[in-house]
Each structure stands twice: as structure tokens, then as C-alpha cells.
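# Residue-level structural notes
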Amino acid sequence: MLKTDHQSSLAYARALDEKDQLAEFRSAYHIPAHGGNPAIYLCGNSLGLQPKATAGALEEELRQWQEKAVEGWFEGDRPWLSYHKYLQAPLSGVVGAETEEVIVMNTLTVNLHLLMVSFYRPTSRRYKIIMEAGAFPSDQYALASQVRFHGYDPQEAIVEVQPRAGEIHLRTEDILQTIDQNGAETALVLFGGVNYYTGQYFDLPAITEAAHRAGAYAGFDLAHAAGNVPMQLHDWKVDFAVWCSYKYLNSGPGGPSGAFIHARHGNDPDLPRFAGWWGQKEEERFLMQKTFHPIPGAAGWQISTVPIMSMAPHRISLELFDRAGMDRLHAKSELLTDYLSWQLDRLNRQEHRFQILTPSELSARGSQLSIYLEKEGKNLFDHLSRHGVICDWREDNLFHSGGGVIRVAPTAMYNTFEEIYQFTNLLEQYYTPKS
Ligand SMILES: *Cc1c(COP(=O)(O)O)cnc(C)c1O
């Protein structure tokens, strides 16, 4: 249950922090400084903060390399040969999967391509991909290039679901209708989980069900959803999903990507894939034989030697997620975001100053609120930056007004209610004329 009768006082924000069950986790992270004080970091949707345990986790692997060298693959507390296994259980909890349905490998756009090898196999009758308009550019490029690779024309083969005239979000009914209408020709429905720009969290189970009804696969790019919103990928029967580990999952710039492949596909040897020796069963990998017997589950999609130095920070970060638990993180995220949204509404009531692009329904958003500002936007953003707020600025690509969007993501893992108070205070300061 959410409180909607928040109060604007500092004492109120501090009282919420006092009651916060996850408050201890903040001290597990390095908070960047601004002028000798902690910055107000609201950019965890772009690059999550570094856990203090990250350096130790890396040092451990450096030591293993120093002391054991090649034997490190087989010896020590965490032999490198099995490194992917140390991440599967905690990661499966983050996305609602069975342990063997997830794997950490490569980076995000690479995994999107690799899983499309398995799940986008167009035929002359079924060749379309349905996706959201305004998807993250990398996904747009990846999908268009896949379509061309198979000899089709993206103009015709990619169907983008648009918001209705004058609207910002996609209506679930419109998404489902587009899938139904194109059903017989659709090979794949590929959506973001949470749209990077508007912060809209799509109805994944409904989209998956509609894709399956049409006889198509359902895949998701969960870059802005993993570690942010609760998901049940297994129960929702999602076919595949990919995400990165450097946004909400705090595993460092360019950190490795996660992939989900539903159990009903994971053991299907007839599903084509691009293979490499790291997907070969461990007991056979070093026999160097010609036949490929993939590891059952998502691990069988691994291609290349596991990059230990980028896996170690991810492993340590996932330990923190495992301890905090997605349920508690989500409960806090809802309250933090609700408080932020209440504060923004309060400022807007005095005078209409900005527009929140993110849906107000709790089930249709995660931690991020996107604040659209018309002309003065960049000045406001600079004011926030000068006062130690780290968030991000995107030129407007919706209204073409010369304005822009500030994306603010209070993350449950390390942000406080007091920070939300300070952030809104700075906004208020900016709008209050100096006497
Ligand atoms: C962040 C993000 C990416 C970035 O992909 P990389 O391959 O990690 O560079 C791609 N897609 C979406 C939806 C994202 O949010």
C-alpha cells in the first residue's frame, strides 16, 4: 500500500529513511562526491554505483591469476571454469527465472543479435518483427540489420507500435491489437521492458501471451528493467530476454550482459544457435572433439571464454541483490518514486512548469521519472548539476520543441528519501524568483 498523503518537510523525508528496511545497503556503495559532500546520484538507470566490495572481488581474481596462473581454471575457492554458475542463482532471482534459464555472457547488443539467431528465423510468410516506436537506438539498429541480413526490407518487416496522437505512452490494447492484426506474418515480438526515454514499463505477460497466440516468439530487452522492476520471466513464458549489468545492476561500465532462455527452449537441440566451445558441456570441453553437445539451459549459448575480470564485479553486485531481495527493493522503489512524483506534482501545482512523461500507474513504471521541460530545461539541468545532482539530460525527441528531458532514477539500493527532498528543494529554489 502506498501513502499518497506525503509531506514536504525534511523531517518527513528523514522519518521515511528511519523506517527504511534497506537503509544499510547505501553504505555498501561508493557515493560520488560533489564539493566535499556526497552528490545526489539519480543516474542509476544509466550507470549504477560501485559496490565497495568490487575492488576486493577483482583483487581476489588477480591474486588467483598471480598465484595459480593456469591452474586457476580448476583450483581455488571459485575455479574460473565454473564461474558462470556462481552468478546464475542470484541472477535468476532478479528476473524471476529458473537457475538454468539465465546466463551471463558477452554484452547486451551482442546478446540481442545472438538470441535473434535462435528466435528470429523469418520465412516468406512470417518475417515481421513488432517492436515499440522510440526503442533504444542500439535495438533499432540491431533489428533492422537482422531483417536485412535475412533479405527483407526493414520498412516492411518492422512494425512499430506508436502512441496515439497526442499521447506519450503506448496503450497495451494497441500493442495487443497490432500483434493480432499482423499475427500470421509475425515471427517475433521484441519490446523493451521499461522504455529508456519515457520510463514506461510494458505489460510483459500480456505481450507474451499475444505473441504466442499469433504463433510468434516474444523477446524483451530488459536493460532498464533488470534490478528495477519485479519480473517472472519463467511463469510469464517469455521466450527470451537480454539485459545489461551496468545500469540498475551496478556491475561497472561495459559490464557483462544477462540472457534468459525459457526452459522449454533451453534443452531443444534443434533450435539453431551460433556455437562456441564455452557452450560445450564442461566435461567434454577440453577433449577438443568435433561434436558439439551444448550445456543444457541458457549456458549452452555461451560462445567464448568467460571474462573473469568483468564477471567478478557482477558476482559481488548480485550478492547484494540477493541479500536485499527484489520484493523489498521494489517496495522501496515504489515508495521513493511515489514520493518524488508527489513532490513534483506539488511544485507543478503552484504553476505548470514541466510535464512528467512517465506513466503515473504504479504497474506501468519503475524507479525512473522522465521530466519534460520546454525551453529553459537545460538551465534547470545546469542548476541541478552545480548543486551536486547527477542525473541526465536528453534533447527532446517527442515534441521537437527545443526542450529536453531530465531522467531521474531514485534507486532503492542506495538512494534516500532525504535525497528526494533535497532534489525537489533545488527545483523549488530554481523556480523561486530571488528577491
Ligand atoms: C543501455 C541499453 C543498451 C546498450 O547496449 P550495449 O550493448 O550494452 O551498449 C541497449 N538497449 C537498451 C534498451 C538499453 O537501455
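Residues numbered from 1 in each chain as written. Predicted model: local features only at pLDDT ≥ 70, side-chain atom pairs only at ≥ 80, totals over all residues. Heavy atoms only, no water.

### With respect to the sheet that holds strand S4 (residues 102-105)
Going by this rule: Two strands are said to pair when DSSP picks up at least two bridges between them. Secondary structure counts use DSSP, requiring at least four H or I residues in a row for a helix and at least two E residues in a row for a strand, with both numbered from the N terminus. Here an angle of 0 to 180 degrees is reported between the N-to-C directions of two axes, which are lines fitted to C-alpha atoms, with helices fitted over the stretch in contact. Contacts are assigned to residue pairs with any non-hydrogen atoms lying within 4.5 Å of each other.
Here 7 strands make up an open sheet; going across it, the order is S4-S10-S9-S8-S7-S5-S6 and the pairing mixed. Strands with a single pairing partner mark the edges of an open sheet, and in this sheet they are S4 and strand S6 (158-161). Pairwise comparison of adjacent strand axes, ignoring direction, gives a mean angle of 20° for this sheet. Across the sheet, helix H3 (residues 83-95) is in contact with S4, strand S9 (240-243) and strand S10 (257-261); its angle to S4 comes to roughly 120°.

### Quick word on the site of the ligand
Filter applied, for reference: We define proximity as follows: a residue is near a molecule or strand when any one of its heavy atoms falls within 4 Å of that partner. In protein, a polar contact means a hydrogen-donor-capable atom and an acceptor-capable atom, both N or O and within 3.5 Å, with residues adjacent in sequence counting only if both atoms are side-chain atoms; elsewhere, any N or O pair within 3.5 Å suffices. Ten residues, namely Ala, Val, Leu, Ile, Met, Phe, Trp, Tyr, Cys and Pro, are considered nonpolar, four, namely Asp, Glu, Lys and Arg, are considered charged, and the remaining ones, Gly among them, are considered polar.
Neighbouring the ligand are Leu-108, Thr-109, Phe-136, Asp-139, Asp-221, Ala-223, His-224, Tyr-246 and Lys-247. In the environment of the ligand, an oxygen atom lies 2.6 Å from a nitrogen or oxygen atom belonging to the side chain of Thr-109. Note that an oxygen atom of the ligand is positioned 3.1 Å from one of the side-chain N or O atoms of His-224. Tallied by class, the residues present in the shell around the ligand amount to 4 nonpolar, 2 polar and 3 charged.

### As for the environment of His-400
Short version of the rule: We call a residue buried when its accessible area falls under 20% of the maximum for its residue type, exposed when it is over 50%, and partly exposed in between, using a 1.4 Å probe and counting protein chains only.
As for its position among the elements, His-400 is in the loop between strand S14 (392-395) and strand S15 (404-408). What makes His-400 exposed here is its relative accessible area of 66%. Counting along the chain gives 15 residues from His-400 to Ser-385, while the straight-line C-alpha distance between them is 24 Å.

### Observations concerning H3
Rules: Across the chain, bend at a residue is computed as the angle between axes fitted to the seven residues ending at that point and the seven starting from it.
Ala-89 marks where H3 bends most, by close to 35°; the proline Pro-90 follows one to four residues later. For H3, every residue scored as buried is listed here: Tyr-83, His-84, Leu-87, Gln-88, Pro-90, Leu-91, Ser-92, Val-94 and Val-95. Residue Gly-96 follows H3 closely and has a positive phi angle near 70°.

### Side note on unusual backbone geometry
Peptide bonds are trans in most cases, and residues, glycine excluded, mostly fall at negative phi. Phi is positive for Lys-237, close to 65°, though the residue is something other than glycine. Mapping Lys-237 onto the fold places it in the loop between strand S8 (217-221) and S9. The partly exposed category is assigned to Lys-237, whose relative accessible area is 48%. The backbone of Asn-250 shows a phi angle near 55°, a positive value even though the residue is not glycine.

### What about the packing of aromatic side chains?
Each aromatic ring pair is specified by the distance between its two centres and by the angle formed by the two planes. Spelled out, the test is: Paired rings are identified among Phe, Tyr and Trp, the last through its six-membered ring, by centres lying within 6.5 Å, and are further divided according to the angle between planes into stacked (under 30 degrees), edge-to-face (over 60) and tilted (the rest). Should the NZ of a Lys or the CZ of an Arg lie within 6 Å of a ring centre and within 35 degrees of the ring normal, that charge is described as sitting over the ring.
Applying the stated criterion across every chain, the model contains 16 aromatic pairs. Ring centres of Phe-136 and Tyr-196 lie 5.1 Å apart, and the angle between their planes is 80°; on these two criteria the pair is classed as edge-to-face. Highlighted residues: Phe-136 in the loop between strand S5 (128-132) and helix H5 (137-149) and Tyr-196 in the loop between strand S7 (186-192) and helix H8 (204-213), separated in sequence by 60 residues. Here the aromatic rings of Phe-381 and Trp-393 are separated by 6.0 Å at their centres, their planes lie at 40°, and the arrangement is tilted. Of this pair, Phe-381 sits in helix H13 (residues 377-386) while Trp-393 is found in strand S14, placing the two residues 12 residues apart along the sequence. For the pair Phe-381 and Trp-393, a shared accessibility class is recorded, and that class is buried. Cation over ring: Lys-247 sits above Phe-136, and NZ or CZ is 5.0 Å from the ring centre. Between the NZ or CZ atom of Arg-285 and the centre of the ring of Trp-278, over which it lies, the distance is 4.1 Å.

### Describing the packing of helix H12 (residues 326-350) against helix H14 (residues 417-431)
Definition in use: Comment on the angle field: the value is read as roughly parallel under 35 degrees, roughly antiparallel over 145, roughly perpendicular from 65 to 115, and oblique elsewhere. In this scheme the handedness of a crossing depends on how the near helix is turned from the far one: anticlockwise by less than a right angle means left-handed, clockwise means right-handed.
Where H12 contacts H14, the two axes come as close as 10 Å, and the packing angle between them is 20°. Taken as axis vectors, H12 and H14 run roughly parallel relative to one another. The element H12 and its partner H14 pack so that their crossing is right-handed. Every residue of H14 that contacts H12 at Lys-332, Leu-335, Leu-336, Tyr-339, Leu-340, Gln-343, Leu-344, Arg-346, Leu-347 and Gln-350 is listed here: Phe-417, Ile-420, Tyr-421, Phe-423, Thr-424, Leu-427 and Glu-428. Class assignment for the residues of the contact of H12 with H14 results in 11 nonpolar, 3 polar and 3 charged.

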